[in-house]
Amino acid sequence: MDMTRIDNTPRQAATGRSAVTVRGLVKHYGETKALDGVDLEVREGTVLGVLGPNGAGKTTLVRCLSTLITPDAGQATVAGYDVLKQPRQLRRVIGLTGQYASVDEKLPGWENLYMIGRLLDLPRKDARRRADELLERFSLTEAAKRPASTYSGGMRRRLDLAASMIGSPTVLFLDEPTTGLDPRTRNEVWQEVKRMVADGVTVLLTTQYMEEAEQLASELTVIDRGKVIASGRIDELKARVGGRTLRIRPVDPLQLRPLATMFDELGLTGLATTIVDSETGSVLVPILSDEQLTAVVGAVTARGITIASISTELPSLDEVFLSLTGHKASAPQGATPTNSREEVAV
Amino acid sequence: MSAATVTPPDVVSDAPIPLRSHLRHTGALIRRNLLWIRQDPESMFDAILFPVIFTLLFVYVFGGSIGQSLGGGQQAYVQYVVPGLMAMMGMNMAQGVGTGFNTDFNSGVMDRFRSLPIGRGSVLFAKIAVEVMRMLIATAVLMVVGVLVGFDITNWPGLFASVGLSALFGSALMWVFLTLGVIMKSAQSVQAMGFLVLMPLQFGSSIFAPTKSMPGWLQNFTAYNPLSALADAARGLMVGGPVAHGLWVTLGWSFALTVVMAPVAIHKFRTKS
């Protein structure tokens, strides 16, 4: 039986209609402005990534939208329901997977799902069947009877996701769904989220990882200290923050500075300033397109410089922030070029 | 398969949650709390051991001397203290409710409950229902131990009436401790607070000894101390003696605590971030 279409009439993906609308949302905790006038929008059937460091207000945002806390000002609607005026209807159409597993650790996996089914007013028979189905879908059938406290981190997240799916929500909030998971488990969770999205669920996902946002989200809102500092399609934002970074390590460390100078003088359109990373003995070149990548690698070959290693990396959260807040990521290194060269030479 | 039954309606009603749904939700949460006990049977130790230890301690340590002042030795004291201890069962369980709920509240699953379209009181009602069950088990154990040390049940209807009365007062007191459990930061502080409040109520009462020999001001206190009133009423109902004053004072306290504290507890639970 095809689990992905168990519960819903086919949903229209990405209609352009807004599933989540947030306008000027404010939440203060004493002096701290956890949310300081946030605006954002999630279109139906899409995934919005909300990227930000710890304490940026991501969790507060999710808690406001899932009616766990009341905002101090502003408006928000989820699936057309107002968070302040229609909390009860809103709760029926959302799913929430919190940063800390929101399952009852003392209960077996099956009992967790059955309980939520009953709390969502499913008749006993349906609640039982739904629990079985979702355990199967999230590969937890074998652990059905064990208390959730005995589950591994990945299993617990999967149970958490399964619990969020019981009521076939139209909007799903995932608050840092993979924080604290190892890379393999993280990948598992991503696969599950992708399946949910394929089912037509609209997802608002908070994360600290650019990579996670790129894997799952089509659009991105970057927040810092309760404020939106950038938003748009992922590829647009990536272009603004320099897309990928090419890391080139020459065999001869003395070639570092000449390499950097060469790239700066190459005059490729839009090629940002290169960075000399003397600690690892490599040059970092922000790359916007495959053409640029090819051109840069071609130039290195033309010069006859022997390369020990070459790799592309996504910008880290720090780099994204530095770019978006107007500080060039290269500023610190660029300020002390002589020193880095000397360190390398020694 | 009839998958369609699971589909949420496109238009969700904003009608109040019907009573049947409330009962269903509370039932699901009671099941949760009962499964905890099955998962961790040791959590029943207090309900079972507490009445055993208290009955044996009081009967054999104080029984002789207090019994003498009652004019009948240890056996007279058994008849006196067993109904008193019954009054204590509700109090004991109530105290545990606060600490248990505080721990529970700080766990992630509360966020899930609060994000579900259920009446938030259901979570609290379920907790109280299960604690009252535990209290009834503790009371049954007390009666068995009581009979073993010589308690003579002379009035069965009176016995059941007293069990009902102490369950009523116990559940009223649980609202107070649920409120503490929600508003206080840690389980330890809930426990300390409970101890501070209940200690004087427990010993400044007629639970363990007659109040006749106490100073006047303390007698005034015990006359309206709900635990004292409950103990007196239970005593009157089970082994004979005056019932009316104790009964009314207990009913009054139970009613007042429930009417005031239940909405406070639910409100605090609803609005806590």
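The preceding data block contains the structure.
Residues numbered from 1 in each chain as written. Chains lettered and ligands numbered in written order. Predicted model: local features only at pLDDT ≥ 70, side-chain atom pairs only at ≥ 80, totals over all residues.

As for the overall build of chain B
- Scanning chain B from terminus to terminus reveals 10 helices and zero strands.
- Along its sequence from the N terminus, chain B presents helices and strands in the succession α-α-α-α-α-α-α-α-α-α.
- In terms of overall dimensions, chain B has a C-alpha envelope of 75 × 40 × 35 Å along the principal axes.
- Across the 273 residues of chain B, 45% fall into the buried class.
- Considering only contacts in chain B between residues 6 or more positions apart, those separated by 24 or more positions represent 77%. (Helix = DSSP H or I, 4+ residues; strand = E, 2+ residues; numbered from the N terminus. Buried ≥ 20, exposed ≤ 12 C-beta atoms within 10 Å, placed from the backbone. Contact = placed C-beta atoms within 7 Å.)

Some thoughts on the overall build of chain A
- The number of helices and strands found in chain A is 13 helices and 14 strands.
- Across the 346 residues of chain A, 46% fall into the buried class.
- By sequence separation, contacts in chain A at least 24 residues apart represent 71% of the contacts at least 6 residues apart.

Re the nonpolar core
- Within the largest apolar cluster, 144 residues are counted, with the highest numbers of intra-cluster contacts made by Val78, Leu113, Ala162 and Val203 of chain A.
- Ranked by the residues each element gives to this core, the list is headed by helix 3 (residues 73–105) of chain B, at 15 residues.
- When neighbours within four sequence positions are excluded, Leu113 of chain A is seen to be in contact with Arg130, Ala131, Leu134, Leu135, Ala162, Ala163 and Ile166 of chain A.
- Grouped together as the second largest cluster of nonpolar side chains are 14 residues, Ile248, Leu259, Phe263 and Leu284 of chain A included. (Core = buried A, V, L, I, M, F, W, Y, C linked by C-beta atoms within 7 Å.)

Some remarks on the sheet that holds strand 8 (residues 202–207) of chain A
Residues and elements named next belong to chain A.
- With mixed pairing, the six strands of this open sheet are ordered in space as 6-7-8-3-9-10. Pairing within the sheet leaves two strands with one partner each, and these edge strands are strand 6 (94–97) and strand 10 (227–233). The sheet shows a mean angle of 15° between the axes of neighbouring strands, taken without regard to direction.
- Across four bridges, strand 6 lies against strand 7 (residues 171–175) in parallel orientation. Looking at strand 7, one finds that Gly95 is bridged to Leu172.
- Its contacts with the sheet put helix 1 (residues 58–65) on strand 3 (47–51), strand 7, strand 8 and strand 9 (219–224), and the angle it makes with strand 7 is roughly 150°. (Pairing = 2+ DSSP bridges. Axes fitted to C-alpha atoms, helices over the stretch in contact; angles between N-to-C directions.)

Considerations on unusual backbone geometry
Residue and element names in this part refer to chain A.
- Its identity as a non-glycine residue notwithstanding, Thr67 has a phi of 65°, on the positive side.
- When the 22 C-beta atoms within 10 Å are taken as the criterion, Thr67 is described as buried.
- With a phi angle near 70°, Asp121 is a residue other than glycine that sits in the positive phi range.
- Along the chain, the position of Asp121 falls in the loop between helix 3 (109–119) and helix 4 (124–137).

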